[in-house]
Amino acid sequence: MDYKYLRWQVVDTPGILDQPLEDRNTIEMQAITALAHLRAAVLYVMDLSEQCGYGLQLQLELFRSIKPLFVNKPLIIVANKCDVRRIAELPEDDRQIFMDLQAEGFPVVETSTLTEEGVIKVKTEACDRLLAHRVETKMKGNKVNEVLNRLHLAMPNKRDDKERPPFIPEGVVARRKRMETGEPPRKRERDIELELGDDYILDLQKYWDIMNSFEKHDKIPEIWEGHNVADYIDPDIMKKLEELEKEEELRTAAGEYDSESESEDEEMLEIRQLAKQIREKKKLKILQSKEKDTQGPRMPRTAKKVQLKTLENEMRSLGVAMEGNDSAHYAVQARRSRSVSRKRKREDSVPPTSLARSRSSSRTPRDVSGLRDVTMVKKAKTMMKSAQKKMNRLGRKGEADRHVFDMKPKHLFSGKRKAGKKDRR
């Protein structure tokens, strides 16, 4: 922990029972050794409530038995669990125990780890006593004279009889007075929020420090293109708007905006009639487009083609006469599809020189197809190789590619075993 800009270490020793030294176990002996050899302040904790199973008299006897270990060390008696029972509530005999300890020079501090009462006081008391004890020990040593010889304490002399009291700001003085008189502190925004509840509205403008306090809640001007928008706002705009609306109602009631059909000339009538015809024509086009099926039925991909003879036989079996239907749609479509799908006549090729290559010679190789002569073939292959160079370079193995390591490198697992180590061959 930290105290006065110094680091302090706290050691919690195991519990010690009131028994002879030779009957104590290893853990108790470690605690006794730590208390005897560490240069520290000792806090002896006593249970005021006696809920630990040991009375105050037994705790006092244990303290008397290990008291020789605390020689030349700051010692503080911590009366714990004061939230259950305090020293003032103890019987006369038990209170006399703590009075005797205080008479011997041991400070007694009441604490409660549950409510944290007195914990900071124990920490402050222990650190201050240990710090004073260490300074006193060093002052008694031999090295202190060497340190004091190097130190010089300068005391200033008064130059005149003028009094120069310390300057204390007025705010600090006022705060001290409020603390002395018990005046309640200033309400924070959080306190006001809890007090008002849902009616709370955050108002930070009341804390503004300006010359005129009545200007704190003035509207902040909105600047647009270097001009204040408030300068262009008419405060009587709503009143003027009502007057204009009344004037408009009077003009409408007087029939000033009624349009007369006789005032239109012949050209305007002709334009209106033409616009009416255009709208009717447009509506008619829309209806015709909706009635027309532009998509039409589509044959699914899973449908299979049916031969013409198979279709005619099936229709005859159903009692439909199929004679004289050569000009029917299905017959025309069947003849057209048969002519399109008919194989192209193979061109005459050079007769093969051998029977083994008679079929392969009928088709030109793909790498030579479309090329005039051998020179053009060589040029095409050269261009293909040059275009492939970049892809080959980018296709090499990189650091991000997966790599399977060789689990059995040959130089370690091949050869004849010799005398000596067997981990290398």
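Source: prediction; values computed, not measured.

> Got a minute to help me understand the overall build of the protein chain in this structure?
Counting its regular elements, the protein chain contains 13 helices and seven strands. The buried share of the protein chain, reckoned over its 425 residues, is 13%. For the protein chain, restricting intrachain contacts to residue pairs at least 6 apart in sequence, the fraction spanning at least 24 positions comes to 54%. Accessible area for the protein chain stands at about 39300 Å²; split by element, carbon and sulfur atoms hold 54% of it.

> Would you take a moment to explain the pattern of salt bridges for this structure?
Two side chains carrying opposite charge are able to pair once their charged atoms lie near each other. In total, this model carries 19 salt bridges according to the counting rule given. The closest approach of N and O atoms between Glu117 and Arg86, which form a salt bridge, is 2.9 Å. Note that Glu117 is positioned in the loop between strand E5 (108-110) and helix H4 (119-139) and Arg86 in the loop between strand E4 (75-80) and helix H3 (92-103), a separation of 31 residues in sequence. Assessed through its relative accessible area of 29%, Arg86 is described here as partly exposed. With its nearest N and O atoms 2.8 Å apart, the salt bridge here joins Arg129 to Glu125. Separated by four residues within a single helix, Arg129 and Glu125 lie in helix H4, roughly one turn from each other. Judged by its relative accessible area of 34%, Arg129 falls in the partly exposed class. For Glu125, a relative accessible area of 27% corresponds to the partly exposed category. Three or more residues joined by partner-sharing salt bridges are found here, namely Arg64, Lys67 and Glu104.

> Would you explain the sheet that holds E5 in this entry?
To summarise the sheet geometry, strands pair through backbone hydrogen bonds and adopt either a parallel or an antiparallel arrangement. Across the sheet, which stays open at both edges, the three strands sit in the order E3-E4-E5 with parallel pairing between neighbours. Sheet topology places strand E3 (42-47) and E5 at the edges, where each strand pairs with a single neighbour. Along the sheet, successive strands turn relative to each other by an average axial angle of 25 degrees, direction set aside. Summarising the sheet, E3 and E4 pair through six bridges and their orientation is parallel. Across the sheet, the residue bridging to Asp47 is Asn80, located in E4. Strand contacts of H3: E3, E4 and E5, with the helix running at about 135 degrees to E5, the strand carrying the most contacts.

> When you look at the nonpolar core in this model, what are you seeing that I'm missing?
Generally speaking, soluble globular proteins have nonpolar side chains that are buried together. Counting 24 residues, the largest nonpolar core has Tyr44, Phe63, Ile77, Phe98 and Leu101 as the members making the most contacts within it. Of all the secondary structure elements, the ones that give two or more residues to this core are helix H1 (26-37), E3, helix H2 (56-66), E4 and H3. No other element matches H2, which puts five residues into this core. With residues near it in sequence (within four places) discarded, Leu101 still touches Met46, Leu60, Phe63, Arg64, Ile77, Phe106 and Val108. Within the second largest apolar cluster, five residues are counted, among which are Ile76, Val78, Val109 and Val122.

> Got a minute to help me understand the side chain of Lys216 in this structure?
Relative to the elements of secondary structure, Lys216 occurs in the loop between helix H7 (189-196) and strand E6 (223-224). It turns out Lys216 is buried and unbridged, and the closest side chain with the opposite charge, Asp209, is 6.9 Å from it. With near-sequence residues (within four places) excluded, Lys216 lies in contact with Gln205, Lys206, Trp208 and Ile210.

> Any chance you could explain the confidence of the model for the protein chain here in plain terms?
Should pLDDT be low for a region, the predicted coordinates there are not to be read in detail. Across the protein chain, the average pLDDT comes to 81, with 88% of residues at 70 or higher. Mean pLDDT in the protein chain bottoms out at helix H11 (residues 329-340), which sits at 73, and peaks at helix H8 (residues 237-253), which reaches 92.

> Whenever I open this one, the packing of H2 against H3 confuses me. Can you help?
Each pair of packed helices gets described by two things: the angle between the helix axes and the distance between those axes. Relative to each other, H2 and H3 sit at 25 degrees, their axes nearing to 10 Å. In terms of axis orientation, H2 runs roughly parallel to H3. Every pair of crossing elements has a handedness; the one defined by H2 and H3 is left-handed. Along its contact with H2, which presents Leu56, Gln57, Leu60, Phe63 and Arg64, the element H3 presents Asp94, Ile97, Phe98 and Leu101.

> Help me understand a negative patch on the surface, please; the structure alone is not making it clear to me.
A contiguous patch of negative charge on the surface is contributed by Glu242, Glu243, Glu245, Glu248, Glu249 and Glu256. Of note, Glu248 is situated in helix H8.

> How should I be thinking about a nonpolar patch on the surface in this particular structure?
Taken together, the side chains of Val135, Met139, Val147, Leu148 and Leu151 define a hydrophobic patch exposed on the protein surface, amounting to about 460 Å² of accessible area. Residue assignment for the nonpolar patch shows that the elements contributing at least two residues are H4 and helix H5 (144-149). Within the element layout of this structure, Leu151 appears in the loop between H5 and helix H6 (170-181). Take Leu151: its relative accessible area is 57%, and that puts it in the exposed class.

> Is there a simple way to think about the pairing of E4 in this case?
Where a strand is regular, its side chains alternate between the two sheet faces. Judged by how many residues are buried, E4 sits mostly within the fold: six of six residues are covered. Here three bridges tie E4 to E5, and the two strands are oriented parallel to one another. Looking across to E5, one finds that Val78 is bridged to Val109.

> Whenever I open this one, unusual backbone geometry confuses me. Can you help?
Residues other than glycine predominantly adopt negative phi, and peptide bonds predominantly adopt the trans conformation. In this structure, Lys4 takes a positive phi of about 55 degrees despite not being glycine. Counting through the fold element by element, Lys4 comes out in the loop between strand E1 (2-3) and strand E2 (6-7).

Procedures and definitions
- Residues numbered from 1 in each chain as written.
- Predicted model: local features only at pLDDT ≥ 70, side-chain atom pairs only at ≥ 80, totals over all residues.
- Heavy atoms only, no water.
- Helix = DSSP H or I, 4+ residues; strand = E, 2+ residues; numbered from the N terminus.
- Buried < 20%, exposed > 50% of the residue type's maximum accessible area, 1.4 Å probe, protein only.
- Contact = heavy atoms within 4.5 Å.
- Areas by Shrake-Rupley, 256 points an atom, 1.4 Å probe, with all protein chains shown as cover.
- Salt bridge = Lys/Arg side-chain N within 4 Å of Asp/Glu carboxyl O.
- Pairing = 2+ DSSP bridges.
- Axes fitted to C-alpha atoms, helices over the stretch in contact; angles between N-to-C directions.
- Core = buried A, V, L, I, M, F, W, Y, C linked by side-chain atoms within 4.5 Å.
- Lys, Arg positive; Asp, Glu negative; His and termini not counted.
- pLDDT = per-residue confidence, 0-100.
- Parallel < 35°, antiparallel > 145°, perpendicular 65-115°, else oblique.
- Left-handed = near helix turned anticlockwise from the far one by under 90°.
- Patch = residues over 30% accessible without salt bridge, like charges linked within 9 Å, V, L, I, M, F, W, Y side chains within 5 Å.
- Charge placed at Lys NZ, Arg CZ, Asp CG, Glu CD.

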